[in-house]
Amino acid sequence: MLHSLHVKNLALIEEAEVDFSDGFNILSGETGAGKSIIIGSIAIAVGGKISRDMIRKNAGYALVELIFSVGQAVRQKLEAMDIPVEDDQVILTRKISGGRSVAKINSESVSTAKLKEVSSLLIDIHGQHEHQSLLSQKNHLRILDAYAKKELKDLKQMLAESYHAYMEVKTELKEASLHMEQRTRELAFLQYEAEEIENADLKIGEDEELERQYRRFSNSQKIRGSIGQVYQMTSESGAADLTGRAVQELAGLSGYDEQIGQLEGQLMEIDNLLNDFNRELAGYMDAVDFDEEQFFEIEKRLDLINGLKVKYGRNSSAGASIEQILAEYEKKKERIEKLSDYDAYVAGLQQDLRQKEDKLKKYCAKVSRIRQKEAAKLTKKIKSALIDLNFLDVQFELDLKRKKEYSISGTDEAEFLISTNPGEPLKSLTKIASGGELSRIMLAIKAVLADCDEIGTLIFDEIDTGISGRTAQMVSEKMNVISKDHQIICITHLPQIAAMADTHFLIEKEADNEHTVTKIRRLENKESIAELGRMLGGVKITDTVLKSAKEMKDLADASKNS
């Protein structure tokens, strides 16, 4: 049940708070007062589309919030969807700002898709033109499946999975039917590519090691030249020779002064360190040797590997690598195997397709049997509901036919057939032209579906299109019956329907020189009678009109209590 609607800065609504009651809630008001904005705001809150001009002028954002109470069955479904429910309450919020929206369920941000999924358990909105969907035959099967959803749910899921598996093999078989010349050409090219990779004899990690060796070899000449220069500076032709001479000079003087002898000792240590350094440097020079032939082989191998990376590693999101090349090699070998033994491959696909089609047929047959059984129940209930809505001599059937093609819904094709006058043959519902008739038929369908549904709140936006008089009275009585088990929120222009309200709201538009706002308020009994008078009498509401309005209200109350 929808307890509360809070709207802020949406179209003509500056801020509005509506506390709905259970039973039958009616919203009425002058044409253009903004009744559609109220229903539109609810539609936005449950994930509907948002137009850019919805935010009120000069407002930074718009906000819609719905507060629902839920029963145990719905709570369990919500918890299975990881939606926390506290105190049996669910709060849906949608904030619109800067062309973007943020959706929340119980203060937790969710995607619009999640918002729609959750709200589908809480509320069903019948828009002004939804009855036009009956003119599309494909919707007739959807209505039947909605009625039989408890019996069909698991089977339809299995049927859908079986259909996808069947279509996957069918598509592969179609692609496999290549022309012989094309197949031969593809096979030859694949064999060439596979042989090219195979002959490369790639090893994982090989490219990294080759890169290291290449960097060392490519810089070896520079290293050797610089090391040679250093050796010349520090060897016997350089610093070592000068240090030796200096030691000899100090040796001749050390006998004259003890301090000179100490200096001589320090210099001799330096001389020894320098000689050790030169020996190690000479050894390193001998080890760093540029092998031109080995360098050429490394360069050649790297060119081969990099070429294969460019050719076969281009589809890798992580970048070309030897692993990617080898993975492509395995794919090519698998494809070569299929093409080499093509007849066996095609025969295997054909056998697989037959098996999957047999499985799909079984699910289609099971679903069809349930649909046939449930269709008889559905049409009987819809016919009864239509009689309640002043289709006194109506005939109503559902024609189920089998299609040749498979679909995700099976092989059934459904079409509602109706005759609204005695002696007239049954005709397709898609040929019904009257908006009033379509509106009542949709109401009948909604009433039947509501009986087998756990959705607590039903919203009807101007269900009274194209009806009046006795028919309008019967529509109001039917909606009152539905409201015994479901909360109904209905926008109407007809006093017969408004009179049946358990709770009556008036939507008004107020304007001054600066701006226009839409407001909504709950009416007391006298105010409701006055609003009925306006709906009955138009511009001038006389005492006679008000008397008629009160009588209509009293009759409605008596009908509800009978």
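Above this text sits the structure in question.
Just so you know, these numbers come straight off a predicted model, no measurement behind them.

Cut-offs used in this document
Residues numbered from 1 in each chain as written. Predicted model: local features only at pLDDT ≥ 70, side-chain atom pairs only at ≥ 80, totals over all residues. Heavy atoms only, no water. Helix = DSSP H or I, 4+ residues; strand = E, 2+ residues; numbered from the N terminus. Rg over C-alpha atoms; globule rule 2.2 N^0.38 Å. Contact = heavy atoms within 4.5 Å. Areas by Shrake-Rupley, 256 points an atom, 1.4 Å probe, with all protein chains shown as cover. Core = buried A, V, L, I, M, F, W, Y, C linked by side-chain atoms within 4.5 Å. Buried < 20%, exposed > 50% of the residue type's maximum accessible area, 1.4 Å probe, protein only. Pairing = 2+ DSSP bridges. Axes fitted to C-alpha atoms, helices over the stretch in contact; angles between N-to-C directions. Parallel < 35°, antiparallel > 145°, perpendicular 65-115°, else oblique. Left-handed = near helix turned anticlockwise from the far one by under 90°. Nonpolar A, V, L, I, M, F, W, Y, C, P; charged D, E, K, R; others polar.

K.L.:
Looking at this model, I keep getting lost on the overall build of the chain. Mind explaining?
P.N.:
Secondary structure summary: the chain contains 18 helices and 15 strands in total. On C-alpha atoms alone, the chain measures out to a radius of gyration of 43 Å, which is more than a quarter above the 24 Å that the 2.2 N^0.38 rule sets for 562 residues. Considered along the principal axes of its C-alpha atoms, the chain spans approximately 145 × 75 × 45 Å. Long-range contacts, defined here as pairs at least 24 residues apart, represent 71% of the contacts in the chain between residues at least 6 apart. Accessible area of the chain: about 31300 Å², with a carbon and sulfur share of 48%.

K.L.:
It is not clear to me how the nonpolar core should be interpreted in this structure. Could you clarify?
P.N.:
Core analysis: the biggest nonpolar cluster contains 55 residues, and Ile382, Leu386, Met479 and Cys490 have the highest contact counts within it. Top contributing element to this core by residue count: helix H14 (residues 435-451), with 10 residues. Not counting residues up to four positions away in its chain, the partners in contact with Leu386 are Phe391, Val394, Phe396, Ile418, Arg440, Ile441 and Ala444.

K.L.:
Can you help me understand the sheet that holds strand S4 (residues 62-69) in this one?
P.N.:
The strands that make up a sheet pair up through hydrogen bonds in the backbone, lying either parallel or antiparallel. The sheet built from 6 strands is open, its strands ordered S2-S1-S4-S5-S6-S7 with antiparallel pairing. In this open sheet, the two edge strands, each paired with only one partner strand, are strand S2 (13-19) and strand S7 (108-110). Neighbour to neighbour, the strand axes of the sheet diverge by 15 degrees on average, direction disregarded. In the sheet, strand S6 (residues 100-105) pairs with S7 via 3 bridges, with the strands oriented antiparallel. Bridge pairing in S7 links Lys104 to Ser109. Of the strands in this sheet, strand S1 (2-10), S2, S4 and strand S5 (89-97) are in contact with helix H1 (residues 35-45), which crosses S1 at around 100 degrees.

K.L.:
For this particular structure, what's the right way to read the pairing of S4?
P.N.:
Along any regular strand the residues' side chains alternate between the sheet's two faces. Across the 8 residues of S4, 6 count as buried, placing the element largely inside the fold. Sheet topology places S1 next to S4; 6 bridges connect them, and they run antiparallel. In the sheet register, Leu2 faces S4, and the bridge partner there is Phe68. In this sheet, S5 lies alongside S4 in antiparallel orientation, the contact comprising 8 bridges. Paired with Phe68 across the bridge in S5 is Val90.

K.L.:
How do you make sense of the sheet that holds strand S13 (residues 487-491) when you look at a structure like this?
P.N.:
The 6 strands are arranged S8-S12-S13-S3-S14-S15 in an open sheet whose pairing can be described as mixed. Of all strands in the sheet, those bounded by a partner on one side alone are strand S8 (123-126) and strand S15 (516-522). Ignoring which end each strand starts from, the neighbouring axes of this sheet average 15 degrees apart. Judged from the 4 bridges that link them, S8 and strand S12 (residues 457-461) form a sheet pairing that is parallel. Note on S12: the bridge partner recorded for Ile125 is Ile459.

K.L.:
Is there a simple way to explain the packing of helix H13 (residues 342-388) against H14 in this structure?
P.N.:
To describe two helices that pack against each other, one gives the angle between their axes and the distance between the axes. Two numbers describe how H13 lies on H14: the axes approach to 9 Å, and their chain directions differ by 125 degrees. Judged on the interaxial angle alone, H14 and H13 are oblique. H14 is crossed by H13, and the crossing has right-handed handedness. For the pair H13 and H14, contact is made by Leu378, Lys381, Ile382, Ala385 and Leu386 and by Arg440, Ile441, Ala444, Ile445 and Val448, respectively. Looking at the contact of H13 with H14, its residues break down into 8 nonpolar, no polar and 2 charged.

K.L.:
Teacher, can you tell me more about the pairing of S2 here?
P.N.:
By the bridge criterion, 6 bridges tie S1 to S2 in an arrangement that is antiparallel. What sits directly across from Leu10, in S2, is Ile13. Between S1 and S2, which pair antiparallel and follow one another directly, the connecting turn spans 2 residues, one of which, Ala11, has a positive phi of 55 degrees.

K.L.:
How do you make sense of unusual backbone geometry when you look at a structure like this?
P.N.:
Glycine aside, a negative phi is what most residues show, and trans is what most peptide bonds show. We note that Asn106 has phi near 50 degrees; this positive angle belongs to a residue other than glycine. Mapped onto the elements of the fold, Asn106 is located in the loop between S6 and S7.

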